[in-house]
Amino acid sequence: MARTQVGIVGAGPAGLVLAHLLAEHGIQSVVLEKYSRAYIEKRVRAGLLEHRTVELLRSHGLGERMLREGLAHRGTDLRFGGARHRIPYTDLYGGREMLVYAQQELVADLVRLRLAAGGDIVFEAEEVALHGLDSESPRITYRAAGEARELECDFVAGCDGFHGVSRPSVPAGVLTTYEQRLPFGWVGILAAVPPSTHEIIYALHARGFAGHMLRTSEISRFYLQCDADDVIENWPDDRIWEELRTRLATNDGWTLKEGPIIEKNITEMRSFVIEPMRYGRLYIAGDAAHIVPPTGAKGMNLAISDARVLAAALADWYQSGDDSGLEAYSETCLRRVWRVQEFSNWMSWMIHCLPDDLPDVAYRRRLQLAQLEYVARSAAAGASFAENYVGIEDV
Ligand code: FAS
């Protein structure tokens with residue numbers, strides 16, 4: 001049976017950043033990843049890095065390509081009633097910028113840097129199962145390269161996303177789950193077309209929300225509000241462009257660049273949190289512990305934030321036997337998780353068309369407009385939006 005100090009399940013942003021930060025403290029880890037390296041380095045997901053995420057990656061030598069190729073982002077364009085309102089969040093939040101840099105590029109960087117530093121990542125690890133989580137030597141069994149393997153650890157980090165095995169490995173009755181499903185979904189679109197603006201657009205139109213997100217100078221990410229139970233077959237390319245043109249239009253004749261759609265899918269708008277984020281020697285991080293609607297571009301940033309907290313707590317334990325960080329891990333992460341849940345929920349309800357069957361919907365639509373006007377016109381409201389959107393420092 002092989003042995004390591006920390007067994008990490010999942011090579012997403014949480015698992016890979018954790019492995020890097022642990023290595024800096026001389027703590028050994030093995031990352032077990034279900035899919036191939038090629039697959040995870042092509043998997044399109046998030047694309048906006050909070051200021052504090054950029055600073056973490058930069059300060060740990062993980063951001064060289066990110067800083068070179070990422071697009072600095074300093075404000076966002078809020079559209080409603082045909083008018084545009086720019087929220088200059090960098091000016092409103094102490095000069096902090098965000099960076100547009102695709103998640104799959106960051107994953108590729110983290111894998112390359114980890115392997116170059118001699119890190120241990122097992123790709124295509126199948127049938128991963130966790131054992132003895134309430135003991136001092138938890139074990140992970142799995143299959144790789146056609147053979148059964150076993151890894152004994154001091155700790156297991158469950159960084160395997162919403163559909164992983166870590167959360168379900170916690171005995172029934174231990175976790176409390178909180179969830180909400182929003183009454184709409186998103187059509188996520190990736191198009192081979194340069195961005196039509198240099199900043200992100202959030203637009204509320206009578207036909208629904210539309211988002212113009214950036215990715216690179218040649219690729220653009222768009223989102224369209226759809227029914228919660230919609231299917232991608234209902235969204236042929238010409239309907240997508242028609243809806244994007246209509247919903248993003250402004251009174252001053254702004255035009256949308258169009259091009260070939262290279263990927264489209266439906267994303268559910270859900271919120272999910274487990275408490276606590278640990279069981280015995282299992283510490284759960286990232287999407288395995290919480291999901292936020294992608295409205296506020298928070299999921300990946302929150303995953304990396306959990307990894308930062310867990311790495312510091314494990315370093316204290318190994319260096320001095322101080323377990324206070326591990327004891328406080330869940331509470332420390334959950335303060336930020338719930339701050340981000342509240343912001344993402346508030347933003348989602350503010351910029352989506354409310355379904356007709358919602359109780360008191362006429363009244364709620366007027367509230368929505370009042371919220372948008374307030375964020376667009378008030379410096380204080382803009383500053384609060386900026387602090388949350390760019391990444392609140394201390395929660
Ligand atoms: P991840 O899911 O990224 O990584 C978990 C890893 O564990 C994966 O590589 C998976 O293959 C592996 N794994 C799973 N089960 C396993 C098992 N049994 N054994 C071994 N390995 C296993 N967030 C944003 O901020 N902005 C966005 O625009 C955005 N868009 C998104 C679009 C989609 C379609 C999805 C699904 C998510 C999106 N997100 C977005 C959220 C997303 O970026 C997550 O928050 C982020 O990937 C979380 O990182 P991790 O917690 O590391 O989990």
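Look above for the structure.
Cut-offs applied
- Residues numbered from 1 in each chain as written.
- Predicted model: local features only at pLDDT ≥ 70, side-chain atom pairs only at ≥ 80, totals over all residues.
- Heavy atoms only, no water.
- Near = heavy atom within 4 Å.
- Polar contact = N/O pair within 3.5 Å; in protein donor to acceptor, adjacent residues only side chain to side chain.
- Areas by Shrake-Rupley, 256 points an atom, 1.4 Å probe, with all protein chains shown as cover.
- Helix = DSSP H or I, 4+ residues; strand = E, 2+ residues; numbered from the N terminus.
- Nonpolar A, V, L, I, M, F, W, Y, C, P; charged D, E, K, R; others polar.
- Pairing = 2+ DSSP bridges.
- Contact = heavy atoms within 4.5 Å.
- Axes fitted to C-alpha atoms, helices over the stretch in contact; angles between N-to-C directions.
- Salt bridge = Lys/Arg side-chain N within 4 Å of Asp/Glu carboxyl O.
- Buried < 20%, exposed > 50% of the residue type's maximum accessible area, 1.4 Å probe, protein only.

K.L.:
Can you walk me through the site of the ligand in this structure?
P.N.:
Near the ligand, the surroundings consist of 30 residues, among which Glu 33, Arg 43, Arg 45, Gln 103 and Asp 287 are the closest. Within the backbone of Ala 14, a nitrogen or oxygen atom sits 2.9 Å from an oxygen atom of the ligand. At a separation of 3.2 Å, an oxygen atom of the ligand approaches a polar backbone atom of Lys 298. The fraction of the free accessible surface of the ligand (1,000 Å²) that becomes covered by protein chains is 88%. Elements represented by at least two residues in the shell around the ligand include exactly α1 (13–24) and α8 (299–320). In terms of residue class, the shell around the ligand is made up of 15 nonpolar, seven polar and eight charged.

K.L.:
In this structure, what is going on with the sheet that holds strand β17 (residues 220–226)? I would like to understand it.
P.N.:
Through backbone hydrogen bonds, the strands of a sheet pair up, either in parallel or in antiparallel fashion. A sheet is described by the order of its strands in space; here eight strands give the open sequence β7-β6-β15-β16-β17-β14-β18-β21, paired in mixed fashion. A strand with exactly one partner marks an edge of an open sheet, and here the two such strands are β7 (83–87) and β21 (290–291). Across the sheet, helix α7 (residues 237–248) touches β6 (76–80), β14 (176–191), β15 (200–205), β16 (208–214), β17 and β18 (261–275), and the angle it forms with β17 is around 85°.

K.L.:
What is the right way to look at the pattern of salt bridges in this model?
P.N.:
A side chain with one charge can pair with a side chain of the opposite charge if their charged atoms come near. Overall, the coordinates contain 33 salt bridges when judged by the stated rule. In this structure, the salt-bridge partner of Arg 207 is Glu 243, at a minimum N-O distance of 2.4 Å. Note that Arg 207 is positioned in the loop between β15 and β16 and Glu 243 in helix α7, a separation of 36 residues in sequence. On the accessibility criterion, Glu 243 (8% relative accessible area) is buried. Linking Glu 373 and Arg 377 is a salt bridge whose minimum nitrogen-to-oxygen distance equals 2.6 Å. Of the two residues, Glu 373 and Arg 377 both sit in helix α10 (residues 361–377), four residues apart, roughly one turn of that helix. If you follow the salt bridges from partner to partner, you end up with Glu 64, Arg 65, Arg 68, Glu 69, Glu 105, Asp 109 and Arg 112 in one network.

From the geometry alone we can't say anything about function, so treat these as descriptive.
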